[in-house]
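Results of the structural survey
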Amino acid sequence: MWTRNKRLLLIGITITMLLSSCNQFSQQERQKSELTVLTVEFNSGAPIPNLYVTVTDVETGEIVEDVVGSDEGEAKFSKLKEGREYAIAATTLENSKKNDGYTTIENFTYDSTKPYYRLETYFSRDKQELGVPVVMQNPELPHGCEITSLTAVLNYYGMNVTKLEMADKYLPKQDIRTVGGQRVGPNPDQAFAGNPREKTHGMYVFAAPIVKAAEAVIADKKADLRVTNMSNASQDEILQLVQEGVPVVTWVTLDLSTPEKDPGKGWIYEGETVPHEAYMNLHAVVLTGHLGDKVVVMDPLKGFVTYNVDQFFKSYQELGKQAVAVHK
(Lines give C-alpha, C1' and ligand atoms only; values in the text may rest on other atoms or scores of the structure.)
Protein backbone atom coordinates (compact mmCIF):
# COMPACT_ATOMS: atom_id res chain seq x y z
CA MET A 1 0.00 0.00 0.00
CA TRP A 2 2.81 2.38 0.96
CA THR A 3 4.68 1.51 -2.23
CA ARG A 4 1.61 2.26 -4.36
CA ASN A 5 0.99 5.57 -2.58
CA LYS A 6 4.64 6.45 -2.89
CA ARG A 7 4.50 5.70 -6.60
CA LEU A 8 1.42 7.88 -7.03
CA LEU A 9 3.13 10.64 -5.07
CA LEU A 10 6.18 10.46 -7.31
CA ILE A 11 3.96 10.53 -10.41
CA GLY A 12 2.13 13.59 -9.06
CA ILE A 13 5.40 15.36 -8.35
CA THR A 14 6.65 14.55 -11.85
CA ILE A 15 3.46 15.86 -13.47
CA THR A 16 3.65 19.03 -11.39
CA MET A 17 7.26 19.55 -12.45
CA LEU A 18 6.37 18.99 -16.09
CA LEU A 19 3.46 21.42 -15.90
CA SER A 20 5.65 23.97 -14.16
CA SER A 21 8.30 23.49 -16.83
CA CYS A 22 5.67 23.95 -19.56
CA ASN A 23 4.37 27.08 -17.90
CA GLN A 24 7.89 28.49 -17.64
CA PHE A 25 8.49 27.62 -21.28
CA SER A 26 5.24 29.32 -22.30
CA GLN A 27 6.15 32.40 -20.27
CA GLN A 28 9.58 32.45 -21.86
CA GLU A 29 8.01 32.17 -25.30
CA ARG A 30 5.58 34.99 -24.53
CA GLN A 31 8.40 37.15 -23.22
CA LYS A 32 10.50 36.28 -26.25
CA SER A 33 7.78 37.35 -28.69
CA GLU A 34 7.01 40.62 -26.91
CA LEU A 35 8.52 43.87 -28.15
CA THR A 36 8.84 46.94 -25.95
CA VAL A 37 9.12 50.22 -27.82
CA LEU A 38 10.88 52.98 -25.93
CA THR A 39 9.78 56.44 -27.13
CA VAL A 40 12.45 59.01 -26.32
CA GLU A 41 13.22 62.65 -27.10
CA PHE A 42 15.62 63.08 -30.01
CA ASN A 43 18.00 65.55 -28.36
CA SER A 44 18.15 64.37 -24.76
CA GLY A 45 17.13 60.71 -24.97
CA ALA A 46 14.63 61.31 -22.15
CA PRO A 47 11.47 59.15 -22.24
CA ILE A 48 8.40 60.68 -23.88
CA PRO A 49 5.32 59.40 -22.03
CA ASN A 50 1.87 58.45 -23.29
CA LEU A 51 2.52 58.58 -27.02
CA TYR A 52 0.17 56.77 -29.39
CA VAL A 53 2.27 54.08 -31.09
CA THR A 54 1.16 51.92 -34.02
CA VAL A 55 2.86 49.00 -35.76
CA THR A 56 1.87 48.47 -39.41
CA ASP A 57 2.69 45.46 -41.57
CA VAL A 58 4.64 47.00 -44.47
CA GLU A 59 3.57 44.31 -46.95
CA THR A 60 -0.17 44.43 -46.25
CA GLY A 61 -0.43 48.04 -45.07
CA GLU A 62 -2.59 46.91 -42.13
CA ILE A 63 -2.11 48.11 -38.56
CA VAL A 64 -1.15 45.06 -36.48
CA GLU A 65 -1.35 46.72 -33.06
CA ASP A 66 -1.82 50.19 -31.58
CA VAL A 67 -0.89 51.11 -28.03
CA VAL A 68 -0.76 54.20 -25.85
CA GLY A 69 2.61 54.23 -24.11
CA SER A 70 3.14 54.33 -20.38
CA ASP A 71 4.37 57.20 -18.21
CA GLU A 72 7.85 55.69 -18.66
CA GLY A 73 7.60 55.92 -22.45
CA GLU A 74 7.10 52.18 -22.97
CA ALA A 75 4.65 50.63 -25.45
CA LYS A 76 4.42 46.83 -25.53
CA PHE A 77 3.47 44.72 -28.56
CA SER A 78 2.87 40.96 -28.69
CA LYS A 79 1.48 40.16 -32.15
CA LEU A 80 4.59 40.63 -34.26
CA LYS A 81 5.97 37.85 -36.43
CA GLU A 82 9.61 36.87 -36.70
CA GLY A 83 11.44 38.28 -39.73
CA ARG A 84 8.53 40.41 -40.91
CA GLU A 85 8.98 44.08 -41.82
CA TYR A 86 6.93 46.64 -39.92
CA ALA A 87 6.53 50.42 -39.87
CA ILE A 88 6.39 51.80 -36.35
CA ALA A 89 4.84 55.23 -35.85
CA ALA A 90 4.54 57.44 -32.78
CA THR A 91 2.53 60.59 -32.26
CA THR A 92 0.33 62.16 -29.62
CA LEU A 93 -3.11 60.69 -29.11
CA GLU A 94 -4.62 64.06 -30.01
CA ASN A 95 -2.68 64.23 -33.28
CA SER A 96 -3.76 60.70 -34.20
CA LYS A 97 -7.31 62.05 -34.32
CA LYS A 98 -6.70 65.52 -35.76
CA ASN A 99 -3.66 64.98 -38.01
CA ASP A 100 -2.16 68.38 -37.16
CA GLY A 101 1.14 67.59 -35.42
CA TYR A 102 4.22 65.43 -35.65
CA THR A 103 4.50 61.73 -36.40
CA THR A 104 7.75 59.77 -36.21
CA ILE A 105 7.90 56.74 -38.53
CA GLU A 106 10.63 54.11 -38.86
CA ASN A 107 10.75 50.72 -40.58
CA PHE A 108 12.28 47.68 -38.92
CA THR A 109 12.37 43.91 -39.24
CA TYR A 110 11.16 42.12 -36.13
CA ASP A 111 13.81 40.02 -34.39
CA SER A 112 12.54 38.20 -31.31
CA THR A 113 16.06 38.14 -29.84
CA LYS A 114 15.88 41.94 -29.57
CA PRO A 115 13.02 42.68 -27.14
CA TYR A 116 13.53 46.47 -27.10
CA TYR A 117 13.27 49.07 -29.86
CA ARG A 118 14.36 52.66 -29.20
CA LEU A 119 12.32 55.16 -31.21
CA GLU A 120 13.68 58.70 -31.21
CA THR A 121 10.82 61.18 -31.54
CA TYR A 122 11.05 64.77 -32.74
CA PHE A 123 8.09 66.79 -31.51
CA SER A 124 9.67 70.18 -30.78
CA ARG A 125 10.64 72.61 -33.50
CA ASP A 126 14.36 73.05 -33.94
CA LYS A 127 16.13 76.11 -35.35
CA GLN A 128 17.11 73.98 -38.35
CA GLU A 129 13.47 73.25 -39.13
CA LEU A 130 11.65 75.61 -41.47
CA GLY A 131 8.21 77.02 -40.66
CA VAL A 132 6.43 75.57 -43.68
CA PRO A 133 2.67 75.58 -43.00
CA VAL A 134 0.67 72.37 -42.99
CA VAL A 135 -1.50 72.12 -46.11
CA MET A 136 -3.52 68.92 -46.45
CA GLN A 137 -4.44 67.61 -49.90
CA ASN A 138 -7.66 65.83 -48.89
CA PRO A 139 -10.53 65.80 -49.40
CA GLU A 140 -10.45 67.95 -52.54
CA LEU A 141 -7.22 66.61 -54.10
CA PRO A 142 -6.92 62.85 -53.50
CA HIS A 143 -4.08 62.70 -56.06
CA GLY A 144 -2.72 66.19 -55.46
CA CYS A 145 0.27 65.58 -53.19
CA GLU A 146 2.70 67.27 -55.59
CA ILE A 147 0.76 70.50 -56.15
CA THR A 148 -0.31 70.65 -52.48
CA SER A 149 3.33 70.38 -51.38
CA LEU A 150 4.24 73.21 -53.74
CA THR A 151 1.36 75.29 -52.35
CA ALA A 152 2.74 74.86 -48.82
CA VAL A 153 6.16 76.05 -49.99
CA LEU A 154 4.71 79.12 -51.73
CA ASN A 155 2.73 79.98 -48.59
CA TYR A 156 5.94 79.64 -46.58
CA TYR A 157 7.27 82.54 -48.64
CA GLY A 158 4.14 84.58 -47.99
CA MET A 159 2.29 83.97 -51.26
CA ASN A 160 -1.47 83.91 -50.80
CA VAL A 161 -2.42 80.95 -53.00
CA THR A 162 -4.59 77.91 -52.37
CA LYS A 163 -4.05 74.31 -53.41
CA LEU A 164 -7.18 74.42 -55.59
CA GLU A 165 -6.05 77.58 -57.35
CA MET A 166 -2.71 75.91 -58.04
CA ALA A 167 -4.30 72.63 -59.19
CA ASP A 168 -6.97 74.19 -61.40
CA LYS A 169 -5.15 77.17 -62.89
CA TYR A 170 -1.42 76.52 -62.88
CA LEU A 171 -0.74 72.78 -62.90
CA PRO A 172 -0.14 71.41 -66.43
CA LYS A 173 -2.66 68.58 -66.87
CA GLN A 174 -3.71 66.16 -69.59
CA ASP A 175 -6.35 63.44 -69.56
CA ILE A 176 -5.65 59.75 -69.96
CA ARG A 177 -7.86 58.40 -72.74
CA THR A 178 -8.46 54.99 -74.30
CA VAL A 179 -7.34 54.55 -77.93
CA GLY A 180 -7.73 51.15 -79.59
CA GLY A 181 -8.09 49.47 -76.23
CA GLN A 182 -4.90 51.11 -74.89
CA ARG A 183 -4.59 53.82 -72.25
CA VAL A 184 -2.80 56.86 -73.68
CA GLY A 185 -1.77 59.95 -71.74
CA PRO A 186 0.99 62.42 -70.94
CA ASN A 187 4.52 61.71 -69.84
CA PRO A 188 4.53 62.72 -66.13
CA ASP A 189 7.68 64.69 -66.91
CA GLN A 190 5.50 66.94 -69.08
CA ALA A 191 2.06 67.11 -67.41
CA PHE A 192 -0.09 65.66 -64.67
CA ALA A 193 -1.76 62.48 -65.92
CA GLY A 194 -5.48 62.95 -65.34
CA ASN A 195 -6.83 65.37 -62.74
CA PRO A 196 -5.69 65.52 -59.08
CA ARG A 197 -9.31 66.17 -58.07
CA GLU A 198 -10.42 62.75 -59.36
CA LYS A 199 -9.79 59.72 -57.17
CA THR A 200 -10.31 57.14 -59.90
CA HIS A 201 -8.79 58.96 -62.89
CA GLY A 202 -5.99 61.01 -61.35
CA MET A 203 -2.44 59.64 -61.37
CA TYR A 204 0.68 61.71 -60.71
CA VAL A 205 3.29 64.15 -62.04
CA PHE A 206 7.05 64.57 -61.73
CA ALA A 207 9.22 67.59 -61.03
CA ALA A 208 9.32 69.49 -64.35
CA PRO A 209 5.57 70.35 -64.54
CA ILE A 210 5.64 71.42 -60.89
CA VAL A 211 8.47 73.80 -61.80
CA LYS A 212 6.26 75.20 -64.60
CA ALA A 213 3.34 75.65 -62.18
CA ALA A 214 5.57 77.50 -59.72
CA GLU A 215 7.06 79.72 -62.41
CA ALA A 216 3.61 80.61 -63.77
CA VAL A 217 2.10 81.63 -60.43
CA ILE A 218 5.25 83.52 -59.41
CA ALA A 219 5.04 85.50 -62.67
CA ASP A 220 1.30 86.17 -62.22
CA LYS A 221 1.69 87.32 -58.62
CA LYS A 222 4.92 89.20 -59.37
CA ALA A 223 6.61 87.47 -56.45
CA ASP A 224 10.36 87.88 -55.93
CA LEU A 225 11.06 84.14 -56.04
CA ARG A 226 12.80 81.69 -58.35
CA VAL A 227 12.38 77.97 -58.90
CA THR A 228 14.99 75.27 -59.46
CA ASN A 229 14.45 71.71 -60.67
CA MET A 230 16.64 69.84 -58.17
CA SER A 231 16.07 66.42 -59.73
CA ASN A 232 19.16 64.19 -59.61
CA ALA A 233 20.61 66.32 -56.80
CA SER A 234 22.58 64.47 -54.15
CA GLN A 235 21.48 64.01 -50.56
CA ASP A 236 24.08 66.54 -49.39
CA GLU A 237 22.95 69.13 -51.96
CA ILE A 238 19.32 68.89 -50.86
CA LEU A 239 20.13 68.99 -47.15
CA GLN A 240 22.35 72.02 -47.74
CA LEU A 241 19.37 73.87 -49.25
CA VAL A 242 17.24 73.11 -46.19
CA GLN A 243 20.01 74.34 -43.88
CA GLU A 244 20.06 77.57 -45.92
CA GLY A 245 16.32 78.06 -45.34
CA VAL A 246 15.04 76.60 -48.61
CA PRO A 247 12.26 73.95 -48.35
CA VAL A 248 12.42 71.24 -51.02
CA VAL A 249 9.47 69.39 -52.56
CA THR A 250 10.74 65.80 -52.69
CA TRP A 251 9.27 62.70 -54.33
CA VAL A 252 9.28 59.56 -52.16
CA THR A 253 6.88 56.66 -51.60
CA LEU A 254 4.06 56.54 -49.06
CA ASP A 255 5.68 55.86 -45.66
CA LEU A 256 8.96 55.20 -47.54
CA SER A 257 7.70 51.78 -48.59
CA THR A 258 9.18 49.83 -51.51
CA PRO A 259 8.02 51.32 -54.83
CA GLU A 260 5.04 49.42 -56.27
CA LYS A 261 4.11 49.41 -59.96
CA ASP A 262 0.98 48.08 -61.67
CA PRO A 263 1.05 47.44 -65.43
CA GLY A 264 -2.76 47.36 -65.45
CA LYS A 265 -2.88 50.99 -64.29
CA GLY A 266 -0.14 52.14 -66.66
CA TRP A 267 -0.46 53.96 -69.97
CA ILE A 268 1.36 54.75 -73.22
CA TYR A 269 3.04 58.15 -73.17
CA GLU A 270 2.10 60.51 -76.00
CA GLY A 271 4.34 59.91 -79.01
CA GLU A 272 5.44 56.47 -77.81
CA THR A 273 4.23 52.94 -78.50
CA VAL A 274 5.15 50.96 -75.37
CA PRO A 275 3.04 51.27 -72.18
CA HIS A 276 4.71 52.30 -68.91
CA GLU A 277 3.81 50.71 -65.60
CA ALA A 278 2.18 53.05 -63.09
CA TYR A 279 3.50 53.78 -59.61
CA MET A 280 0.86 52.88 -57.02
CA ASN A 281 2.49 54.42 -53.93
CA LEU A 282 4.21 57.52 -55.31
CA HIS A 283 4.06 60.53 -53.00
CA ALA A 284 5.50 64.02 -52.65
CA VAL A 285 6.35 65.85 -49.42
CA VAL A 286 8.18 69.02 -48.37
CA LEU A 287 11.56 68.51 -46.71
CA THR A 288 11.64 71.13 -43.93
CA GLY A 289 14.34 70.13 -41.46
CA HIS A 290 17.37 67.99 -40.70
CA LEU A 291 19.08 67.16 -37.43
CA GLY A 292 21.47 64.25 -36.99
CA ASP A 293 20.04 61.11 -38.55
CA LYS A 294 16.50 62.54 -38.79
CA VAL A 295 14.68 64.63 -41.36
CA VAL A 296 11.40 66.47 -40.85
CA VAL A 297 8.86 66.71 -43.66
CA MET A 298 5.47 68.31 -44.19
CA ASP A 299 3.42 65.43 -45.54
CA PRO A 300 0.17 66.62 -47.22
CA LEU A 301 -1.53 63.44 -45.97
CA LYS A 302 -0.27 63.47 -42.35
CA GLY A 303 1.15 66.84 -41.35
CA PHE A 304 4.66 66.94 -39.88
CA VAL A 305 6.49 63.61 -39.92
CA THR A 306 10.07 62.62 -39.03
CA TYR A 307 12.00 59.92 -40.84
CA ASN A 308 15.42 58.34 -40.72
CA VAL A 309 17.52 60.36 -43.17
CA ASP A 310 19.00 57.31 -44.92
CA GLN A 311 15.59 55.69 -45.41
CA PHE A 312 14.18 58.95 -46.72
CA PHE A 313 16.85 59.43 -49.36
CA LYS A 314 16.78 55.78 -50.32
CA SER A 315 13.12 56.26 -51.24
CA TYR A 316 14.01 59.50 -53.06
CA GLN A 317 16.52 57.59 -55.17
CA GLU A 318 14.10 54.73 -55.86
CA LEU A 319 11.55 57.25 -57.20
CA GLY A 320 14.07 58.61 -59.71
CA LYS A 321 15.52 61.53 -57.70
CA GLN A 322 12.73 64.06 -58.30
CA ALA A 323 12.86 67.35 -56.36
CA VAL A 324 11.93 71.05 -56.68
CA ALA A 325 13.23 74.01 -54.69
CA VAL A 326 11.76 77.53 -54.45
CA HIS A 327 14.24 80.26 -53.45
CA LYS A 328 14.14 83.94 -52.59
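Residues numbered from 1 in each chain as written. Predicted model: local features only at pLDDT ≥ 70, side-chain atom pairs only at ≥ 80, totals over all residues. Heavy atoms only, no water.

1. Focus: the pairing of strand β10 (residues 182-185)
Basically, it comes down to this: One bridge is not enough; two strands pair if DSSP finds at least two bridges between them. Where helices and strands are cited, they refer to DSSP runs of H or I of at least four residues and of E of at least two residues respectively, numbered from the N terminus.
In the sheet, strand β9 (residues 177-179) pairs with β10 via three bridges, with the strands oriented antiparallel. The partner of Arg177 across the bridge, within β10, is Val184. The hairpin formed by β9 and β10 contains two residues between the paired strands, and Gly180 there has a positive phi angle of roughly 60°.

2. Description of the packing of helix α3 (residues 145-156) against helix α5 (residues 207-221)
Rule in force here: All axes here are fitted lines through C-alpha atoms, helices being fitted over the stretch that makes contact, and every angle between N-to-C directions spans 0 to 180 degrees. Should an angle fall under 35 degrees it is called roughly parallel, over 145 degrees roughly antiparallel, and 65 to 115 degrees roughly perpendicular, with every other angle called oblique. Note on convention: the crossing is left-handed when the near helix lies turned anticlockwise from the far helix by less than a right angle, right-handed when the turn is clockwise. Contacts are residue-level and defined by heavy atoms, with any inter-residue pair within 4.5 Å sufficient. Classification convention: Asp, Glu, Lys, Arg as charged; Ala, Val, Leu, Ile, Met, Phe, Trp, Tyr, Cys, Pro as nonpolar; all other residues, Gly among them, as polar.
One can describe the packing of α3 onto α5 by two numbers: an axis separation of 10 Å at closest approach and a directional angle of 40°. One finds that α3 runs oblique with respect to α5. With respect to the hand of their crossing, α3 and α5 are arranged in right-handed fashion. Touching Glu146, Ile147, Leu150 and Leu154 of α3 are Ile210, Ala213, Ala214 and Val217, all from α5. Considered class by class, the residues forming the contact of α3 with α5 number seven nonpolar, no polar and one charged.

3. Structural notes on the pattern of salt bridges
Pairing between side chains of opposite charge can happen when their charged atoms approach one another. Threshold: A pair is scored as a salt bridge if a Lys or Arg side-chain nitrogen falls within 4 Å of a carboxyl oxygen belonging to Asp or Glu. Categorising residues by exposure relies on relative accessible area from a 1.4 Å probe, with only protein chains included: less than 20% of the type maximum marks a residue as buried, more than 50% marks it as exposed, and the intermediate range marks it as partly exposed.
With the rule as written, the count across this model stands at eleven salt bridges. In this structure, Glu140 engages Lys163 in a salt bridge whose closest nitrogen and oxygen atoms are separated by 2.7 Å. Residue Glu140 is found in the loop between β7 (116-121) and α3, and its partner Lys163 is found in helix α4 (residues 163-170); the two are separated by 23 residues along the sequence. For Glu140, a relative accessible area of 33% corresponds to the partly exposed category. Overall, the relative accessible area of 13% leaves Lys163 in the buried class.

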